Amino acid sequence: MRLNWFIKKVSEMLKLYKRIFTNSKYSRLIIVLFIVLIVGSNILTSITNAYFSGSKSGFYKLGNVTIPSVESVVGNREFNLIYKDRAELRYSYTKVKNPLDDVNKYIKYLTDECGYDIIAVSDGYRVLKENTETNIVIVIDITVDKSSYEIFARKGVS
């Protein structure tokens, strides 16, 4: 009995599809909509990947300023992008075995290799770099807890 019901429903669906696709107006519309959907999803995927790929590509990007990322120093880490625009970004690195070790290596790299200065703050670390030619200051705040750390980078005018 269920088989007869199923066969009847399939037959009805096939008749509907035949009616839609034999009418050339509907078939062209469906094909055009399908193409627009595929192209649109590919464009959206490309834009999303370009926007969120900053950390995995070895640098953070704030407008036209690039900053070496944590991954460029310590290797791949699980992270969440919390916020990003042209002047600020915030990444949270989670499930890290030794977050303090990662942060120390990253700060050492920024100060030794990239010319950043370290400033003592009460709730974490702060490094900054000033470009006297462009009057742009990059400030990176880093907070650490037991199994994670957060990077908050921003640029401003000095």
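Residues numbered from 1 in each chain as written. Predicted model: local features only at pLDDT ≥ 70, side-chain atom pairs only at ≥ 80, totals over all residues. Heavy atoms only, no water.

### Here we look at the packing of aromatic side chains
Point 1. Evaluated as defined, the whole model comprises five aromatic pairs.
Point 2. Where Phe79 meets Tyr91, the ring centres are 5.2 Å apart and the plane angle is 70°; that geometry is what we call edge-to-face. With a gap of twelve residues between them, Phe79 in strand E3 (residues 79-84) and Tyr91 in strand E4 (residues 88-93) connect regions that are remote in the sequence.
Point 3. Taking the relative accessible area as the measure of exposure, Phe79 reaches 17% and is therefore buried. (Phe/Tyr/Trp six-rings, centres within 6.5 Å; stacked < 30°, edge-to-face > 60°. Helix = DSSP H or I, 4+ residues; strand = E, 2+ residues; numbered from the N terminus. Buried < 20%, exposed > 50% of the residue type's maximum accessible area, 1.4 Å probe, protein only.)

### A short note on the nonpolar core
Point 1. The biggest cluster of nonpolar side chains holds 24 residues, and the ones touching the most others in it are Tyr60, Ile67, Tyr93, Tyr106, Ile140 and Ile151.
Point 2. Mapped onto this core, the elements with two or more residues apiece are strand E1 (59-62), strand E2 (65-68), helix H3 (70-74), E4, helix H4 (99-113), strand E7 (136-144) and strand E8 (149-157).
Point 3. Excluding residues within four positions of it along the chain, Ile151 makes contact with Tyr60, Val70, Leu89, Arg90, Tyr91, Tyr93, Tyr106, Ile140, Asp141 and Ile142. (Core = buried A, V, L, I, M, F, W, Y, C linked by side-chain atoms within 4.5 Å. Contact = heavy atoms within 4.5 Å.)

In short, the description is geometric, and any link to function would need to be established separately.
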